[in-house]
Amino acid sequence: MRHIVVTGGAGFIGSHCCVELLEAGDQVTILDNFCNSKPETLDRIAEIIGKRPDLVELDLCDEQATEQFFATHTVDAVIHFAGLKAVGESCQIPLTYYHNNLTGTLNLLRSMGAHGCKRLVFSSSATVYGMNNTAPFTEDMPTSATNPYGWTKQMIEQILMDTAASDPEWSFVALRYFNPIGAHPSGLIGEDPNGIPNNLVPYIAKVACGQLAHLNVFGNDYDTPDGTGVRDYIHVVDLAKGHLCALDYAETAAGFCAVNLGTGNGASVLEVLHAYEEACGKTLPYVIAPRRAGDIATSYADPSKAKTLLRWEAKSDLLTMCKDSWNFTLKHQ
Ligand code: NAD
Ligand code: UD1
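Bear in mind the structure is a predicted one, so any value in this text is a computation, not a measurement.

Looking now at the site of ligand 1. Contacts to ligand 1 come from 26 residues, most closely from Ile 13, Asp 32, Asn 36, Ser 37 and Lys 85. Between an oxygen atom of ligand 1 and a main-chain N or O atom of Cys 35, the distance comes to 3.0 Å. In the environment of ligand 1, an oxygen atom lies 2.9 Å from a nitrogen or oxygen atom belonging to the side chain of Lys 153. Contact with the protein chains removes 94% of the 830 Å² of surface that ligand 1 exposes when unbound. When contributions to the shell around ligand 1 are tallied by element, the ones reaching two or more residues are α1 (12-23), β5 (119-125) and α6 (148-166). The leading source of residues in the shell around ligand 1 is β5, at 3 residues. The class makeup of the residues in the shell around ligand 1 is 12 nonpolar, 10 polar and 4 charged.

Neighbouring residues of ligand 2: 19 residues in total, closest Leu 200, Asn 216, Arg 231, Arg 292 and Asp 295. Ser 125 is positioned with one of its side-chain polar atoms (N or O) 3.3 Å from an oxygen atom of ligand 2. Contact distances for ligand 2 include 3.4 Å between an oxygen atom and a side-chain N or O atom of Thr 127. In the complex, 87% of the free accessible area of ligand 2, which totals 740 Å², lies under the protein chains. Those elements giving two or more residues to the shell around ligand 2 turn out to be α7 (200-208) and β8 (215-218). Broken down by element, the shell around ligand 2 gets its largest block of residues, 4 residues, from β8. Class assignment for the residues of the shell around ligand 2 results in 9 nonpolar, 7 polar and 3 charged.

Take the nonpolar core next. Membership of the largest hydrophobic core comes to 38 residues, with the highest contact counts inside it found for Leu 21, Ile 79, Val 173, Leu 175, Leu 261 and Leu 310. Beyond its immediate stretch of four places on either side in the chain, Leu 175 contacts Val 121, Phe 122, Ser 123, Ser 124, Ser 125, Gly 242, His 243, Ala 246, Val 259, Leu 261 and Leu 310. Formed by 27 residues, the second largest nonpolar core is a distinct cluster that contains Tyr 203, Ala 205, Leu 212 and Leu 273.

Rules used in this analysis
Residues numbered from 1 in each chain as written. Chains lettered and ligands numbered in written order. Predicted model: local features only at pLDDT ≥ 70, side-chain atom pairs only at ≥ 80, totals over all residues. Heavy atoms only, no water. Near = heavy atom within 4 Å. Polar contact = N/O pair within 3.5 Å; in protein donor to acceptor, adjacent residues only side chain to side chain. Areas by Shrake-Rupley, 256 points an atom, 1.4 Å probe, with all protein chains shown as cover. Helix = DSSP H or I, 4+ residues; strand = E, 2+ residues; numbered from the N terminus. Nonpolar A, V, L, I, M, F, W, Y, C, P; charged D, E, K, R; others polar. Core = buried A, V, L, I, M, F, W, Y, C linked by side-chain atoms within 4.5 Å. Buried < 20%, exposed > 50% of the residue type's maximum accessible area, 1.4 Å probe, protein only. Contact = heavy atoms within 4.5 Å.

This is how it looks when you write it as structure tokens:
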């Protein structure tokens, strides 16, 4: 039985990944400080899978606590989700973002290295493709960032590359997620952001359950088929499964590698809205609003590297993603 540590395992993507790991028979320990999640999520994971992950409540920025954990546990590999992720907030409190995401990762890597655990799967983001590449995005394109959140992803990828170059025993897979949405089909775990959501699908979910009056569509004059922004939406369960494939790959390969996790298909804001209408059986009001600063017209993955290297590909279609989001929303409104 492998012992996998999941940092940020109580969060949206991490919790779905814990379900998949437990289902595969791995021993799972979550390290989380619950700054953006709740301990009850572990009860929900146990309800879904009949097994409970272990938990150590810990802030990765606490160097001593992180070191103490790795000094006292034998760990085969780490999946590193823990981080702050709101783009707008990262512009308001950049130092908090740099400290949390970078210091947390440095402490983690130092402690892992000191205790002989040298395999890590990292949550990167398609945000590293920046504003100047043309979709479909391939892993060899130049990367950049336009906000502090994006810079932390870019910088952590660089840190992993440099660490791998310094010691051939390390094995890193940076997974560049496109737009994860949906929820576990049980409706027990999913995404429930505090306050008014920034991201499209959580916002639509609140319109569908009547908590928000209408969707603001940020721009309908992009160079896309219907003028609204196009993204590569991926079911969070498909995404979670990709991490198990990445772990298997990391067992056989050393060094650093970056891999896209996306479907390869783009959907526009209006297409997502209409799929959600079908999922919830209601017409959902929207108004056209100005473009949002920092948005690009079109983002979608070339997912072929994941297919050949990790033997993984996304399965769910947009309607299934919206149905699972709605099922979760109905259970948690
Ligand atoms: P989330 O906020 O739901 O989960 C992150 C978890 O990390 C939370 O449980 C939080 O409490 C924990 N955490 C944060 N800082 C910590 C610290 N210093 N010590 C311990 N725990 C800490 O986010 P998510 O959507 O599940 O995203 C997971 C990862 O994937 C993040 O790194 C995020 O940047 C990345 N990512 C997410 C998306 C997305 O659309 N959700 C897209 C691309 C990349
Ligand atoms: C955003 C972040 C990205 C991050 C990702 C996941 C920005 C610029 N990018 O990606 O770095 O990795 O979230 O957290 O914030 N939209 C509307 N109305 C809304 C919300 C969104 O029209 O109320 C549109 C957007 O303009 C975009 C699409 O929906 O075209 C998707 O937006 P969103 O869900 O926020 O994801 P991204 O912008 O792709």
